[in-house]
Amino acid sequence: MAFLGCGYLGTTYAVCFAELGYDVVGMDVNAEKVAKLAAGDLPIHEPGLEALLRRNLDSGRLRFTTSYEDIAEFADVHFICVGTPQRPDSDAADLSQVETCVTDLAPHLRRKALILGKSTVPVGTAEWVETLVQRHAPPEAGVEVAWSPEFLQEGFAVEDVLRPNRVVFGVKSDWARDMLYAVHKGVFELAAVEDREVPVVVGDFATAELVKVAANAFLATKISFINAMADLCEATGGDVTLLARAIGYDDRIGPKFLRAGVGFGGGCLPKDIRAFVARAEELGVGDSLRFLHEVDRVNARRRTKVVQMVAEMCGRTSGPNGPDLSGLRVAILGVTFKANSDDVRDSPALSVARKLMRAGAVVTAYDPEGMIPAKNVVPDAAYAKSVNEALAGADLVCVLTAWEEFRHADPAALAELVSHRRIIDGTNSVDPTLWTGAGWTYRGMGRPSI
Ligand code: UGA
């Protein structure tokens, strides 16, 4: 198997499929990244992945390359794992990396092989990839295309690949379907050993592509729904954490993805819902996804909300240009888009940091894993080496990523470091009674202030 694109997705898949027993090569055009991976050095933070990378490099089942000729000769299945970011000029997905990898690989293919799409793409992409393959691969090779979306969550990526809760195959032929079953044999065998079943959904290209974006749109909607309820709770003195618990007991609703807070971020949910709307508009069914605009707007308001809360707690007035926070020292705990990740793409925490600085606040941030990427994105904030250092002399503390380290911090000891004992919990993850017990004024998202 070859995995094209050694980013988050491709690296995790390459390593996990080597772990399942396949002979795997990871391919990337970035020679520096390939050299790092080949040396057993993981460029991302993902629990458990680096140990598996090293073990499988040592076993000889896993290697990395920058060469299309190499993978064309080596692999029977070529997984497309390249990025599909938002285009700079619109909400649509940028498919240039998909196009490049397919058109660069296809001319080198000499025997029948499967090009298997994993990247999140607008519906219709697999058909287009098929035309690219027809145009660029030698016809006698009989190369086929299939699509099988991934559902891995950062922080749980290894588990999600080895033990998926379902697999989806979008195919056009029996040969491609049989290949996909063969590709996942290791996944099915592991499930059988552990007395689990992995449901398989086999369908056409369009359905397979839509499954992925529909799932992410649903998750985003669930988060924005609970954040909208948080607004209602705040206006009425209710507590959204209790509300979420109470509605979550209904198994038609379920308890997951109902954590109100600073909203969703990351490299997937925000850009996927925008690309989904853009594609629906192209297809003439934009009205059907109009609600996703609202999901996006609810989400964006969460970030401004934190800035308003800071102003309210510190008695700062708001002018036509928003609140004036000049000189206010704010400690930010957490810069990644969620805990157990070093990913700061579209991070709500960094967006709040920027807004606070724009309003005049002096921001010092700390994160257990995300400091280096955060410095690249928001270089003008100050960065501390520890929670204690970040809090020294602060007028207010904002918890913006739900890291365990913050939940287990000692509010009594921290109270001695700050200028004012004020905390905003943008993640609703710290215990309000502990903090108020240590003399802090606490505000959560959609919870009564205490
Ligand atoms: C998401 C999906 O969960 C995966 O299934 C999917 O495969 C992946 O995108 C992708 O498209 O590749 P991920 O971006 O890793 O995974 O992160 P999530 O765990 O979904 O969290 C997304 C954001 O929602 C984070 O900012 C998180 O803090 C926030 N969130 C999550 C909430 O605000 N409340 C919740 O209750 C849950």
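Asker: Break down the pattern of salt bridges for me, citing the residues and quoting the values.
Answerer: Here the structure, examined in full by the defined rule, presents 32 salt bridges. The partner of arginine 55 in a salt bridge is glutamate 19, with the nearest N and O atoms 2.4 Å apart. Linking arginine 55 in helix H3 (residues 49–59) with glutamate 19 in helix H1 (residues 8–19), this pair joins segments that are 36 residues apart in sequence. Put simply, arginine 279 and glutamate 282 hold a salt bridge, and the shortest N to O gap is 2.6 Å. Of this pair, arginine 279 and glutamate 282 both sit in helix H12 (residues 269–282), three residues apart, which is roughly one turn of the helix. Salt bridges sharing common partners tie together Glu159, Arg163, Glu194 and Arg196.

Asker: Talk me through the site of the ligand; I want residue IDs and the actual numbers.
Answerer: Neighbouring residues of the ligand: 20 residues in total, closest Leu152, Glu154, Lys212, Asn216 and Arg259. Contact between the ligand and asparagine 216: an oxygen atom at 2.8 Å from a side-chain N or O atom of the residue. Here an oxygen atom of the ligand and a backbone polar atom of phenylalanine 337 are 2.9 Å apart. Its free accessible area being 710 Å², the ligand has 92% of it covered by the protein chains. Breaking the shell around the ligand down by element, the ones donating at least two residues are helix H10 (205–236) and H12. With four residues, H10 is the single largest residue contributor to the shell around the ligand.

Scoring rules and cut-offs
Residues numbered from 1 in each chain as written. Predicted model: local features only at pLDDT ≥ 70, side-chain atom pairs only at ≥ 80, totals over all residues. Heavy atoms only, no water. Salt bridge = Lys/Arg side-chain N within 4 Å of Asp/Glu carboxyl O. Helix = DSSP H or I, 4+ residues; strand = E, 2+ residues; numbered from the N terminus. Near = heavy atom within 4 Å. Polar contact = N/O pair within 3.5 Å; in protein donor to acceptor, adjacent residues only side chain to side chain. Areas by Shrake-Rupley, 256 points an atom, 1.4 Å probe, with all protein chains shown as cover.

Without other data, these values stay purely geometric and don't point to any function.
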